[in-house]
Amino acid sequence: HGYDVSQLPSDVRRLGLDVETFDACMSSGRGLDAVRKDVAEGRRLGVGSTPTFFINGLKMPGILSPAVFDTLLETLASEGRPGQSSAVSGHEHP
């Protein structure tokens, strides 16, 4: 289910972004090291899709409803364990 990069130009226009600015940014390579680092960390943690959440070390891939988060956090709180969730972004760890 990878993204088809050939769709990028039409997606940029569809989103109303400035095409020249976008192209210049993409060509510059700025931020590429950070993206590579995030991808490597995601692989190390076994992330196969986005979004993927880690809650007290439990990997939960996919879109989760607010009700699922509420239930999980209430369960963790009732067990005396603080619930902390973070999207894997390369800056936060489970």
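Quick caveat: nothing in here was measured; it's all calculated off a predicted structure.

Thresholds, definitions, all that
Residues numbered from 1 in each chain as written. Predicted model: local features only at pLDDT ≥ 70, side-chain atom pairs only at ≥ 80, totals over all residues. Heavy atoms only, no water. Core = buried A, V, L, I, M, F, W, Y, C linked by side-chain atoms within 4.5 Å. Buried < 20%, exposed > 50% of the residue type's maximum accessible area, 1.4 Å probe, protein only. Helix = DSSP H or I, 4+ residues; strand = E, 2+ residues; numbered from the N terminus. Patch = residues over 30% accessible without salt bridge, like charges linked within 9 Å, V, L, I, M, F, W, Y side chains within 5 Å. Areas by Shrake-Rupley, 256 points an atom, 1.4 Å probe, with all protein chains shown as cover. Salt bridge = Lys/Arg side-chain N within 4 Å of Asp/Glu carboxyl O. Phe/Tyr/Trp six-rings, centres within 6.5 Å; stacked < 30°, edge-to-face > 60°.

Draft legend 1. Representation of the nonpolar core. The biggest cluster of nonpolar side chains holds seven residues, and these are Phe53, Ile55, Met60, Leu64, Phe69, Leu72 and Leu76. Contributing elements (two or more residues each) for this core: β1 (52-55) and α4 (66-78).

Draft legend 2. Representation of a nonpolar patch on the surface in the model. Taken together, the side chains of Leu32, Val35 and Val39 present a nonpolar region at the surface, about 220 Å² in accessible area. Within the element layout of this structure, valine 39 appears in helix α3 (residues 32-44). A residue is classified by how much of its surface remains accessible, and valine 39, at 38% relative accessible area, is partly exposed.

Draft legend 3. The packing of aromatic side chains, seen in detail. On inspection of all chains with the given rule, the structure shows one aromatic pair. Plain terms: the ring middles of phenylalanine 53 and phenylalanine 69 are 5.1 Å apart, the flat faces sit at 85° to each other, and that makes the pair edge-to-face. Taken together, the residues phenylalanine 53 in strand β1 and phenylalanine 69 in helix α4 connect sequence positions 16 residues apart. We note that phenylalanine 53, like phenylalanine 69, is buried.

These results come straight from atomic positions and should not be treated as a statement about function.
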